[in-house]
Amino acid sequence: MTKRILTIFAVALTLSLLTACSNDDDNVVDPVVGETNVLLIQSDNGKTSTGTMYKSGETYNPPHCYLGKEIRYNGGNELTVYHMGFGANIKGSDVFDMLNISFESNQPMSFSNLKAGDTFDSSQFHAAAAYTPTWMEAILIQATALSGKVTVIGTSKVGDKSYMTLRLTDLRFDAIDHTCVYTVNGTVEYEIWDIQYE
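Below or above, wherever it landed, is the structure these notes cover.

How each quantity is defined
Residues numbered from 1 in each chain as written. Predicted model: local features only at pLDDT ≥ 70, side-chain atom pairs only at ≥ 80, totals over all residues. Heavy atoms only, no water. Helix = DSSP H or I, 4+ residues; strand = E, 2+ residues; numbered from the N terminus. Buried < 20%, exposed > 50% of the residue type's maximum accessible area, 1.4 Å probe, protein only. Contact = heavy atoms within 4.5 Å. Areas by Shrake-Rupley, 256 points an atom, 1.4 Å probe, with all protein chains shown as cover. Salt bridge = Lys/Arg side-chain N within 4 Å of Asp/Glu carboxyl O. Pairing = 2+ DSSP bridges.

## A closer look at the overall build of the protein chain
- Scanning the protein chain from N- to C-terminus turns up one helix and 11 strands.
- What you see in the protein chain, going N to C, is helices and strands ordered as α-β-β-β-β-β-β-β-β-β-β-β.
- In the protein chain, which comprises 198 residues, the proportion classed as buried is 35%.
- In the protein chain, the share of contacts with a sequence separation of at least 24, taken over all contacts with a separation of at least 6, comes to 57%.
- Here the protein chain displays about 12200 Å² of accessible surface, and carbon together with sulfur accounts for 53% of that area.

## Observations regarding the pattern of salt bridges
- Taken as a whole and assessed by the stated rule, the structure comprises four salt bridges.
- The partner of Lys-91 in a salt bridge is Glu-58, with the nearest N and O atoms 3.3 Å apart. Linking Lys-91 in strand E4 (residues 77-91) with Glu-58 in the loop between strand E2 (48-53) and strand E3 (64-74), this pair joins segments that are 33 residues apart in sequence.
- The closest approach of N and O atoms between Glu-104 and Arg-72, which form a salt bridge, is 2.7 Å. Taken as a pair, Glu-104 in strand E5 (residues 98-105) and Arg-72 in strand E3 lie far apart in primary sequence, 32 residues in all.
- Among the residues examined, Glu-104 registers a relative accessible area of 46% and is labelled partly exposed.
- Three or more residues are tied together by salt bridges with common partners; here these are Glu-70, Arg-72 and Glu-104.

## Concerning unusual backbone geometry
- Despite not being glycine, Asp-170 has its phi angle at roughly 50°, a positive value.
- Mapped onto the secondary structure, Asp-170 falls in strand E10 (residues 161-174).
- Phi is positive for His-178, which is not a glycine, with a value near 65°.
- When you line up the elements, His-178 lands in the loop between E10 and strand E11 (181-192).

## As for the pairing of E3
- As defined by bridge partners, E3 adjoins E4 across 11 bridges and the pair is classed as antiparallel. Paired with Cys-65 across the bridge in E4 is Phe-86.
- Counting the residues between successive antiparallel strands, the hairpin from E3 to E4 contains two residues, one of them, Gly-75, with a positive phi of roughly 60°.
- Where E3 lies against E11, two bridges are found, and the strand directions are parallel. Its bridge partner being in E11, Cys-65 is matched across the sheet by Ile-192.

Rendered as structure tokens:
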């Protein structure tokens with residue numbers, strides 16, 4: 001009787017281990033994208049850096065997205081420009097400490113217009129990466145994206161907060177000192193700030 005119980009236990013244990021291995025295979029992280037809210041920053045001369053996004057409640061801006069508008073004047077004409085912005089501070093990277101992505105339109109925009117799978121290249125948005133050598137300096141040194149893509153992964157809700165997740169693919173920026181070009185990849189979850197156009 002004892003041998004039979006041990007045999008059943010051994011079979012059950014083996015099946016549970018096989019199931020666990022199978023589940024692990026299903027959850028393999030895409031090595032290009034990596035962990036959410038961690039950016040991989042690589043230079044064309046072999047330097048690699050990672051940067052982590054701040055979390056809600058920490059001192060600096062966690063990933064967030066918002067809507068805004070501004071009035072511009074062109075040849076005496078007043079133009080209203082609408083913005084959809086995605087911004088975040090970055091910690092742990094000695095390359096960039098801020099990354100902002102902005103879409104512009106002459107019509108109001110809505111986050112509900114962005115659908116999973118929508119992909120935009122750098123001609124359709126403005127992206128800037130900034131670096132401040134010391135926090136005492138008031139002026140940020142910025143680099144504008146040379147190329148790259150942004151893909152909408154989807155939206156989610158946690159408690160009373162809504163989020164939009166974007167995949168950043170091969171966003172290329174000149175180094176601040178122009179000695180190389182950095183490529184930024186990652187998946188970022190942005191909190192949707194409830195700011196509407198006034």
